[in-house]
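# Survey of secondary and tertiary structure
Spelled out, the chains give:
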Amino acid sequence: MTGLTKDKLVIDGGVPLYGEVRISGAKNAALPLLAATLLAPGEHVLHNVPDLRDTRTMLQLLESLGAHWERQGDTVRVNTETLTSAEAPYDLVKTMRASVLVLGPLLSRMGYARVSLPGGCAIGARPIDYHLKGFEVLGVHSALDQGYVEAKVADRLKGGCIRFGTPSPTATENLLMASVCAAGETRIENAAREPEVGNLVDMLNAMGANIEGKDSNCLIVHGVERLHATTVSVIPDRIETGTYMIAVAACGGKVLLKDCVPDHLQALSEKLQLCGLVIEAGASDMLVYCPEGERGSECALQSIDVVTQPYPGFPTDLQAQFMALMTLSKDTAIIHETIFENRFMHVAELARMGADITIEGSRAVVRGSGRGGLSGAPVMATDLRASASLVIAALAARGRTEIFRIYHLERGYEKMAEKLRGLGARISRQRE
Ligand code: EPU
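Conventions and cut-offs
Residues numbered from 1 in each chain as written. Predicted model: local features only at pLDDT ≥ 70, side-chain atom pairs only at ≥ 80, totals over all residues. Heavy atoms only, no water. Helix = DSSP H or I, 4+ residues; strand = E, 2+ residues; numbered from the N terminus. Rg over C-alpha atoms; globule rule 2.2 N^0.38 Å. Buried < 20%, exposed > 50% of the residue type's maximum accessible area, 1.4 Å probe, protein only. Contact = heavy atoms within 4.5 Å. Pairing = 2+ DSSP bridges. Axes fitted to C-alpha atoms, helices over the stretch in contact; angles between N-to-C directions. Near = heavy atom within 4 Å. Polar contact = N/O pair within 3.5 Å; in protein donor to acceptor, adjacent residues only side chain to side chain. Areas by Shrake-Rupley, 256 points an atom, 1.4 Å probe, with all protein chains shown as cover. Nonpolar A, V, L, I, M, F, W, Y, C, P; charged D, E, K, R; others polar. Domains from an automatic or database assignment. Phe/Tyr/Trp six-rings, centres within 6.5 Å; stacked < 30°, edge-to-face > 60°. Lys NZ or Arg CZ within 6 Å of the ring centre and 35° of its normal. Disulfide = S-S within 2.5 Å.

## Details of the overall build of the chain
- Along the backbone of the chain there are 14 helices and 24 strands.
- The C-alpha atoms of the chain give a radius of gyration of 22 Å, which matches the 22 Å a tight globule of 432 residues would have.
- Structurally, the chain occupies a C-alpha span of about 65 × 45 × 40 Å along its principal axes.
- Considering the chain as a whole, with its 432 residues, one finds that 57% of them fall into the buried category.
- Within the chain, residue pairs in contact and separated by at least 24 positions form 75% of the contacts whose partners lie at least 6 positions apart.

## Remarks on the sheet that holds strand β19 (residues 332-336)
- The four strands are arranged β18-β19-β21-β20 in an open sheet whose pairing can be described as mixed. A single partner strand is all that each edge strand has here, and the edge strands are β18 (306-307) and β20 (356-360).
- Contacting β18, β19, β20 and β21 (363-367), helix α10 (residues 319-326) runs over the sheet at an angle of about 170° to β19.

## A few points about the site of the ligand
- The immediate surroundings of the ligand are formed by 22 residues, with D129, Y130, S168, T170 and D317 found nearest.
- Within the side chain of D129, one N or O atom sits 2.8 Å away from a nitrogen atom of the ligand.
- Between the ligand and D317, the relevant distance is 2.6 Å, taken from an oxygen atom to a side-chain nitrogen or oxygen of the residue.
- For the ligand, whose unbound accessible area comes to 820 Å², protein coverage reaches 88%.
- Going through the elements one at a time, α1 (27-36), α5 (129-137), α6 (169-179) and α12 (384-396) are the ones with two or more residues in the shell around the ligand.
- Among the elements that take part in the shell around the ligand, α5 stands out by supplying three residues, more than any other.
- Tallied by class, the residues present in the shell around the ligand amount to nine nonpolar, six polar and seven charged.
- Per-domain counts for the shell around the ligand show at least three residues from each of domain 1 (4-23 + 236-431) and domain 2 (27-233).

## Some remarks on the packing of aromatic side chains
- For the structure on display, the rule yields two aromatic pairs.
- Between the aromatic rings of F314 and F322, the centroid separation amounts to 5.4 Å while the plane-to-plane angle is 70°, which identifies the pairing as edge-to-face.
- Sitting over the ring of Y148, R114 keeps its end group 4.2 Å from the ring centre.
- Geometry around Y289 places K254 over its ring, the cationic atom sitting 4.6 Å from the centre.

## Some remarks on the state of the cysteines
- Under the defined criterion, the tally for this structure stands at zero disulfides.
- Just so you know, C260 is unpaired, no disulfide at all, and the nearest cysteine sulfur is the one on C290, 17 Å from it.
- Exposure remark for C260: the relative accessible area of 2% places this residue in the buried category.

## Comments concerning the sheet that holds strand β16 (residues 278-281)
- The four strands lie next to each other as β2-β15-β17-β16, forming an open sheet whose pairing is mixed. For this open sheet the edge positions go to β2 (17-22) and β16, each flanked by a neighbour on one side alone. Across the sheet, the mean angle from the axis of one strand to that of its neighbour is 10°, orientation sign disregarded.
- Across four bridges, β16 lies against strand β17 (residues 285-289) in antiparallel orientation.

## As for the environment of P16
- If you trace the backbone, P16 turns up in the loop between β1 (7-12) and β2.
- Once the C-alpha coordinates of P16 and A396 are considered, the two residues, 380 residues apart in sequence, prove to be 8.2 Å apart.

## Some remarks on the environment of A182
- Position of A182 relative to the elements: it lies in the loop between α6 and β11 (185-189).
- Note on A182: relative accessible area 0%, which makes it buried.
- Sequence separation between A182 and F404 is 222 residues, and the spatial gap between their C-alpha atoms is 47 Å.
- The contacts of A182, once residues within four sequence positions are left out, are R156, L157, K158, G159, G223 and V224.

Structure, rendered in C-alpha cells:
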C-alpha cells in the first residue's frame, strides 16, 4: 500500500472521450456494509465491492477485530464467527475516518468498543459528536482515553429518540447499526437520505432487522433479539458516475456509463444539462454527450451556480469536479459549499493551471476562461475529490499535467487511469 505514494499521473489533455465505462460499487456504501458484517456471526457475502485503498483498510480493520475474509473478483466473503478484539487502532483510523463505523456494530455485538478518535482531515474538522450523543441516548457510556473513545453499555442497548442537527451519513449508519438489536424502538430524526444509507437499511433488514422509513429523513428501528449473516450487493458509485459525467462535459465526446443508477444523480444531471450536456438515462445506464458534432471544442459551456446540500441536493463530493468544469465555461459561476468548511483545497492547484477562482468565505467565484482556457502544469492532489477535479482539469487542458500524490485518488476511484484510457484519454501512471 505504501508503494502507491510514489506514483504520479501524467495526462496529455485535449482529447474528447468516447466509448463505454463500467461504474464500480460505491465506496461509501461498501464501507458501512463491511462494518455491518460485525453485527452477526457467520459468513457474509458482499457483491460488487470496489477494490480501493479504503475498502482494503476496512477489511484490514475487520481482520484486526478477528474476522476472516477473502476476495474473488468483486465478491468479498467476510466471516465474523469469532471476534477477538473490540479496538480500532489509531494507525488505521488516521488513514480512514470511516473506521468509526465499527463503533455501532461492536457496541451492539460486544457491548464495548474502543476506537481511536479521528483527527481533523483535509476537508475540515468533521466532529463525531452526533455519533456519541446518539449512542448515549441508547444507553452507552463513552469517555475519551488517550485519544481513544471508550464506549460501553451496562446491559442491553435500549431504544430512544435521536435527532441530528444536520444529516450525517456515517452518524446515521452508526446509529442504525447500534440500534438494530436494542430493546424497544429507536427513532432517528433528520437522518441522512443518501442512497448509501438505504443500501445499509436493505442489508440490515436482510439480516433480520426491522427498520422502517428507508430513504426518508426519519428512520424507525424496532429492535430484534438477534441478526444472521446475509448476502448483499453494493450499489453503484454515484460519485464515480458523476465524475465521469463531468469529465465528458469538460472534454467533449460521447460516453455510455454502464451499471449505474441515473436516479441517484438527478441534482448533477439537472446542472449538467443546463451547462449544455445531453444525458439519455436508461434503467441502469446513461449516455452522455456534448451536442454539435459531439466534440467539446465546438460547444460552449454555460456557467451554472451550485450549492452543495445533503442528498438529494447537489453532493459536496462532486463540488471540486464541477468547479474544474466551470473554469472552462464562458462566464462566471458561484459555487457554494455548505457541508464542509474547508473543501476548497483544489482551488490553488487549479489556479496553477490557469483557473481564475476567488474564495469568499464558503463561496468560490469561478470566472470561466472558455474551453482551452486551462494549460497543463505539475499539481498536487490534496484529498480524494480534489484529486478527481485535477484529473478532469488535466484531461481538458492544453499540454501535459503531472498529478502528484495520487494515493488520495486510489482511496476512492477503482482503476481510474485504466478506465479513462479505455475512453481514449492519454493518461499514464508513472513513478514519481
Ligand atoms: N457533523 C457534525 N457532527 C457529527 C457528524 C457530522 O457536525 O458528529 C456534520 C459535519 O460537520 C458536516 C455534516 O455533518 O457538516 C456531514 O459530515 P460528516 O463528517 O458526518 O460526513 P460523513 O457521514 O462522515 C460521508 C461521506 C463523505 C461525504 C459526506 C457528506 C462516507 C464514508 N463519507 O461522510 O464522503 O463527503 O458524507 O456527503 O460515507 C468522500 O467520499 O470523499 C467523502 C468525504
